[in-house]
Amino acid sequence: MAARVEIDEDSSENKGSMWVLDQKLDQPMDEEAGRLRNMYREKKFSALLVLRLAFQSLGVVYGDLGTSPLYVFYNTFPRGIKDPEDVIGALSLIIYSLTLIPLLKYVFIVCKANDSGQGGTFALYSLLCRHAKVKTIPNQHRTDEELTTYSRSTFHENSFAAKTKKWLEQYAFRKNALLMLVLVGTCMVIGDGILTPAISVLSAAGGIKVDHPHMSNGVVVVVAVVILVGLFSMQHYGTDKVGWLFAPIVLLWFLLIGSIGILNIWKYDSSVLKAFSPVYIYRYFKRGGRDGWTSLGGIMLSITGTEALFADLAHFPVSAVQIAFTMVVFPCLLLAYSGQAAYLMRHQDHVADVFYRSIPDSIYWPVFIVATAAAIVASQATISATFSIIKQALALGCFPRVKVVHTSKKFLGQIYIPDINWILMVLCIAVTAGFKNQSQIGNAYGTAVVIVMLATTLLMTLIMILVWRCHWILVLIFTALSLVVECTYFSAVLFKVDQGGWVPLVIAAAFLLIMYVWHFGTVKRYEFEMHSKVSMAWILGLGPSLGLVRVPGVGLVYTELASGVPHIFSHFITNLPAIHSVVVFICVKYLPVYTVPEEERFLVKRIGPKNFHMFRCVARYGYKDLHKKDDDFEKKLFDNLFLFVRLEAMMEGCSDSDEYSLYGQQTLHSRDGLLNNNGNTSSSNQDLTISSVDSIVPVKSPTHVNNTVMSSSQMSSQTETDELDFLNRCRDAGVVHILGNTVIRARRDSKFYKKIAVDYIYAFLRKICREHSVIFNVPHESLLNVGQIFYV
């Protein structure tokens, strides 16, 4: 039963869309497309739903920021308090830090720069990659811009945005510098994933010592390590089953610290409220000198978790996050810090454990239990953010291949990475047991946080110019104010590099080396494949049998290339005297979008004449998607291949032009089925574009399409049936997955640092990371590896 193509002319919303009515399939694609658009755009939530989501966001987004009162004042005054007015000065700094950074900058500005709800440095980078050609692996095609989740706009030629875009794209050095900025921010977030559990759990466990003063510090460290081991060991279960507990725990925590703060202000010294005057900041620095300046490293800890706030944005609308912060988090934190300051005005010698000392005796142990639970929730949120950002780096070719496990069927963003989990656990325990006190861990933590914030500020500057099209004066005001505050903090934490601040720098340097070398090797491998791909003339010269015996079956050849025939294919047929009757080149590539809808995932096109039976399939994924999640990837591949054959048969002779393009990837001559070799041409003077599940076919007019397609479908139905039967027989005969097992070596004339990077570091990472067959979920019994050496 032949498929039909109809045009919906009347719908202004879905103008130019195609309905594919294939056998029993008679539901318009417009409904599904509309549903997808609604999913990926900002929804209009009811007031009640927004409040419910705001409540849920407390457990996911604000755990890290909420546990800061456990350790801020101790890290601000590690040598004790010299003058009671210093407490008011420090409180004033905390108040204005919370107001400027989390409230104004992140909650009301940065959170709006999310990538369809996704936050973090890589989300900002993906936005920039869509609005400017700054991606360092040039495997994108203009048809990728037609995705539902792909959003970009054009620039006016003489606009400030257009000039900035041109400046960014002009030199490869600038693209690499932007990537390095993103990688530095990413590495510091990974550092947060190590330091947050260490300082939060150690600070919470320190409450035991307050009630038992004679207990040694070693016991507190042992308790903290046991909690950390339990926390990391439970990661493989995911947070889906226990996640419903997080929001109530964190809400209870905020209400407790806020209430205790009110009690302490009333009980000890209400004069601390004059800290809302910024005059006390000036007096604090004037009186404290260099010690006052370096104490900013401790003040900095009051806004730790702000970056995690942005990274964990995924499942909540911005409005819910804003309501939760302004109605619960911000006022409770201000009350908590003010209450601690009021207590310190009377008990200056209790600064080391002011949080637990300021708790009324009657509720001490309940607060201790809630504090420990809140510290675990805060650690969980940071660990999850680390997994998420490593998954994004992996998708963009900036991290070695590691196993990624989805822990929830409901939430795609909840993932678990076993290898990274155990590395984080070992490093976290090493930091906790090595430093043994909050002060040095706090110094390290502050260093990591301020560097992430600086990276975000610089990326936000580009977002405001290229994506939001803000006036340059607004961009200058935002950037200047952010940099003044953050560089001030950065200058303070530099004084503490030798007191623990070196830890995140060492951790970040190690991860940065791994990520950059891996990305460098990935780019070089892609460039080699591009330059060594086989010409179409060579393929045509082999003839229909490709100069070999065509054996029954389907060969799926995996390649990095989205166009052209890879070098691995020529290497394969040169060494083996046979090739399968049907050959499909599969390119799995990741795009700078957070997800690619299933309906738009596959692009299929033909290579060479029809009797060659060679095809290309490009499977596109977003940085949140997971290829292994497609358990029926092979089935979907063949479904799209069969659909392509049916559409190709229908479209023969449908236009005055003798050529048409499928998704614009190649130009196909309908008379002989030949593709041109550059892979980038398409008809530009067509009047209408018909869109379907996996193809876009430019034609002249709707009436012409309907009449011609029906007649051409009847004329070519026999040919279509024969080819579909042939494909089915080959599929039943067996499917073999052909992967390139490439070894990369530096050329002899390469410089020594390139040889070290490629021959040793990259080779070592390739040896310990997971094989392509595991990542692609290829059955071992049908796997064929083809060895090659690339000299780059």
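Counting starts from 1 at the beginning of each chain's written sequence and moves along it residue by residue. Local features are withheld for residues below a pLDDT of 70 in this predicted model, meaning they are given only at 70 or higher, and side-chain atom pairs are given and counted only at 80 or more; totals for whole chains, interfaces and linings count all residues. By convention in this description, side-chain values take in all heavy atoms of the structure and omit both hydrogens and water.

## Digging into the overall build of the protein
Working step 1: When helices and strands are tallied, the protein shows 27 helices and 14 strands.
Working step 2: Burial here depends on accessible area, computed with a 1.4 Å probe over protein chains only, as a share of the maximum for the residue type. Under 20% is buried, over 50% is exposed, and the range in between is partly exposed. By the burial criterion, 58% of the 792 residues in the protein qualify as buried.
Working step 3: Of the contacts formed within the protein by residues at least 6 apart in sequence, a portion of 81% connects residues at least 24 apart.
Working step 4: Only the protein chains shown count as covering a residue, and every accessible area follows the Shrake-Rupley method with a 1.4 Å probe. When the accessible surface of the protein is split by element, carbon and sulfur atoms take 60% of a total near 32500 Å². Only DSSP runs of H or I covering at least 4 residues are called helices, and only runs of E covering at least 2 are called strands; the numbering of each starts at the N terminus. Whether two residues are in contact is decided by their heavy atoms: any pair within 4.5 Å suffices.

## Thoughts on the pairing of strand β7 (residues 602-607)
Working step 1: Of all the 6 residues making up β7, 6 are buried; the element is thus mostly covered by neighbouring parts of the structure.
Working step 2: Alternating residues of β7 divide into Phe602, Val604 and Arg606 and Leu603, Lys605 and Ile607, and every residue in both groups is buried.
Working step 3: Where β7 lies against strand β8 (residues 614-621), 6 bridges are found, and the strand directions are antiparallel. In the strand pairing of β8, valine 604 is matched with cysteine 617.
Working step 4: Here the rule is simple: two strands pair whenever DSSP picks up at least two bridges between them. Count of turn residues in the β7/β8 antiparallel hairpin: 6 residues, of which glycine 608 carries a positive phi of about 75°.

## Overview of helix α17 (residues 364-395)
Working step 1: Across its 32 residues, α17 extends 47 Å between first and last C-alpha, which sits within 8% of the 46 Å expected from 1.5 Å per residue.
Working step 2: Most of α17 sits out of view: 26 of its 32 residues are buried.
Working step 3: Glycine 397 occupies a position one or two residues after α17 and carries a positive phi of about 75°. An expected span of 1.5 Å times one less than the residue number is assigned to each helix.

## As for the pattern of salt bridges
As a working rule, side chains carrying opposite charge can pair if their charged atoms are close by.
Working step 1: Salt bridge, as used here: a side-chain nitrogen of Lys or Arg that lies within 4 Å of a carboxyl oxygen of Asp or Glu. Scanning the entire structure with this criterion turns up 17 salt bridges.
Working step 2: With a closest N to O distance of 3.5 Å, lysine 82 and aspartate 291 form a salt bridge. Residue lysine 82 is found in the loop between α4 (72-76) and α5 (84-107), and its partner aspartate 291 is found in helix α12 (residues 279-294); the two are separated by 209 residues along the sequence.
Working step 3: Classification of lysine 82 by relative accessible area gives exposed; the value is 69%.
Working step 4: By sharing partners, the salt bridges in this structure join Asp83, Glu85, Asp86, Arg283 and Arg287 into a single network.

## Focus: the pairing of strand β6 (residues 578-590)
Working step 1: The element β6 is largely enclosed, with a buried count of 12 among its 13 residues.
Working step 2: Judged from the 9 bridges that link them, strand β5 (residues 549-559) and β6 form a sheet pairing that is parallel. Residue valine 557 lies in a different strand from β6, and its bridge partner there is phenylalanine 585.

## Remarks on the nonpolar core
Working step 1: By nonpolar core we mean a set of buried residues, namely Ala, Val, Leu, Ile, Met, Phe, Trp, Tyr and Cys, connected to one another through side-chain atoms within 4.5 Å. By size, the foremost hydrophobic cluster in this structure holds 165 residues, and its most contacted members are Tyr62, Phe73, Phe122, Phe254, Tyr356 and Phe399.
Working step 2: Sorting elements by how many residues they give to this core places helix α15 (residues 318-346) first, with 18 residues.
Working step 3: Residue contacts for tyrosine 356: discarding those within four places in its chain leaves Leu70, Ser203, Ala204, Gly206, Gly207, Val210, Tyr364, Phe368 and Ala371.
Working step 4: Tyr558, Cys617, Phe638 and Cys730 belong to the second largest nonpolar core, which has 32 residues in total.

## Section: the confidence of the model for the protein
Working step 1: Confidence of the prediction at every residue is given by pLDDT, a number between 0 and 100. With 81% of its residues at a pLDDT of 70 or more, the protein shows a mean pLDDT of 78.
Working step 2: This model gives residues 1-43 a pLDDT under 50, and the stretch forms 71 contacts once residues within four places in sequence are excluded.
Working step 3: Overall, residues 655-713 carries pLDDT values under 50, and its contacts beyond four positions in sequence, including any with other chains, amount to 161 contacts.

## Topic: the packing of aromatic side chains
Working step 1: Pairs were defined over the aromatic rings of Phe, Tyr and Trp, the Trp ring being its six-membered one, requiring ring centres within 6.5 Å. Orientation was assigned from the angle between planes: stacked under 30 degrees, edge-to-face over 60, tilted for the rest. The tally for this structure, following the rule as stated, stands at 21 aromatic pairs.
Working step 2: Arranged with centres 5.3 Å apart and planes meeting at 80°, the rings of tryptophan 365 and phenylalanine 368 form a pair that is edge-to-face. Highlighted residues: tryptophan 365 and phenylalanine 368, both in helix α17, separated by 3 residues, approximately one helical turn.
Working step 3: Judged by its relative accessible area of 37%, tryptophan 365 is partly exposed.

## Examining the sheet that holds β5
Across a sheet, strands are paired by hydrogen bonds formed along the backbone, either parallel or antiparallel in direction.
Working step 1: Spatially, 6 strands are ordered β7-β8-β6-β5-β13-β14 in an open sheet, and the strand pairing comes out mixed. Since the sheet does not close on itself, it has two edges, and those belong to β7 and β14 (783-791), each with one partner. Going from strand to strand, the sheet's axes swing by 25° on average, the running direction of each strand aside.
Working step 2: Orientation is described by lines fitted to C-alpha atoms, with helices fitted over the stretch in contact, and by angles between N-to-C directions that extend from 0 to 180 degrees. Contacting β5, β6, β8, β13 (735-745) and β14, helix α23 (residues 567-575) runs over the sheet at an angle of about 115° to β14.

## Here we look at the side chain of glutamate 723
Working step 1: Structurally, glutamate 723 can be placed in helix α25 (residues 702-733).
Working step 2: In the analysis that follows, any N or O atom pair within 3.5 Å is treated as a polar contact, provided that within protein one partner can donate a hydrogen and the other can accept it, and provided that, for residues neighboring in sequence, both atoms belong to side chains. A polar contact is formed between the side chain of glutamate 723 and the side chain of arginine 606, at a distance of 3.1 Å.
Working step 3: Those residues in contact with glutamate 723 that lie beyond four places of it in its chain are Arg606, Lys610, His613, Phe615, Val645 and Glu648.

## Notes on unusual backbone geometry
Working step 1: One non-glycine residue, arginine 469, lies in the positive phi region at around 60°.
Working step 2: Mapped onto the fold, arginine 469 is located in the loop between α19 (438-466) and α20 (472-494).
Working step 3: For histidine 613, which is not glycine, the phi dihedral falls at a positive 55°.
Working step 4: Mapped onto the secondary structure, histidine 613 falls in the loop between β7 and β8.

## Digging into the packing of helix α6 (residues 121-131) against α17
Working step 1: Put simply, α6 and α17 touch, their axes get as near as 9 Å, and they point 35° apart. Only Ile389, Gln392 and Ala393 of α17 make contact with α6, whose side of the interface consists of Thr121, Phe122 and Ala123.
Working step 2: Classifying every residue of the contact of α6 with α17 gives 4 nonpolar, 2 polar and no charged. Any residue outside Ala, Val, Leu, Ile, Met, Phe, Trp, Tyr, Cys, Pro, Asp, Glu, Lys and Arg is labelled polar, Gly included; the first ten of those are nonpolar and the last four are charged.

## A word on a nonpolar patch on the surface
Working step 1: Taken together, the side chains of Phe160, Trp472, Ile473, Leu474, Leu476, Ile477 and Leu481 present a nonpolar region at the surface, about 720 Å² in accessible area.
Working step 2: The biggest single contributor to the nonpolar patch is α20, with 6 residues.
Working step 3: Among the structural elements, leucine 481 can be located in helix α20.
Working step 4: Assessed through its relative accessible area of 57%, leucine 481 is described here as exposed. Nonpolar side chains (Val, Leu, Ile, Met, Phe, Trp, Tyr) within 5 Å and like charges within 9 Å form the patches, drawn only from residues with over 30% relative accessible area and no salt bridge.

## Observations concerning the environment of valine 404
Working step 1: Relative to the helices and strands, valine 404 resides in the loop between α17 and β3 (405-406).
Working step 2: Accessibility expressed as a relative area gives 8% for valine 404, which makes it buried.
Working step 3: For the pair valine 404 and isoleucine 420, spaced 16 residues apart in sequence, the C-alpha separation works out to 9.8 Å.
Working step 4: In contact with valine 404, not counting residues within four places along its chain, are Lys391, Leu394, Ile415, Tyr416, Ile417 and Leu626.

## A few points about α12
Working step 1: Between its terminal C-alpha atoms α12 stretches only 19 Å, short of the 22 Å expected from 16 residues at 1.5 Å a residue.
Working step 2: Looking at α12, one finds that the buried residues are Tyr280, Ile281, Tyr284, Gly292 and Thr294.
Working step 3: In this fold, the buried residues of α12 make contact with α4, α5, α13 (296-299) and α20.

## Observations concerning the packing of helix α8 (residues 172-205) against helix α18 (residues 418-435)
The relative placement of two packed helices comes down to the angle between their axes together with the axis-to-axis distance.
Working step 1: It is the contact of α8 with α18, at a shortest axis distance of 9 Å, that shows an interaxial angle of 50°. When the axis of α8 is compared with that of α18, the two are oblique. For the element pair α8 and α18, the recorded crossing hand is right-handed. The residues of α18 that touch α8, namely those facing Ile190, Ile194, Leu195, Pro197, Ala198 and Leu202, are Leu424, Leu427, Cys428, Val431 and Thr432.
Working step 2: Grouping the constituent residues of the contact of α8 with α18 by class yields 10 nonpolar, 1 polar and no charged. Note on angle classes: values under 35 degrees are labelled roughly parallel, values over 145 roughly antiparallel, values of 65 to 115 roughly perpendicular, and the remainder oblique. In this scheme the handedness of a crossing depends on how the near helix is turned from the far one: anticlockwise by less than a right angle means left-handed, clockwise means right-handed.

## Quick notes on the environment of tyrosine 526
Working step 1: With respect to the helices, strands and loops of the structure, tyrosine 526 is situated in helix α21 (residues 502-531).
Working step 2: Note on tyrosine 526: relative accessible area 6%, which makes it buried.
Working step 3: Distance in space between the C-alpha atoms of tyrosine 526 and isoleucine 137 is 7.6 Å, their sequence separation being 389 residues.

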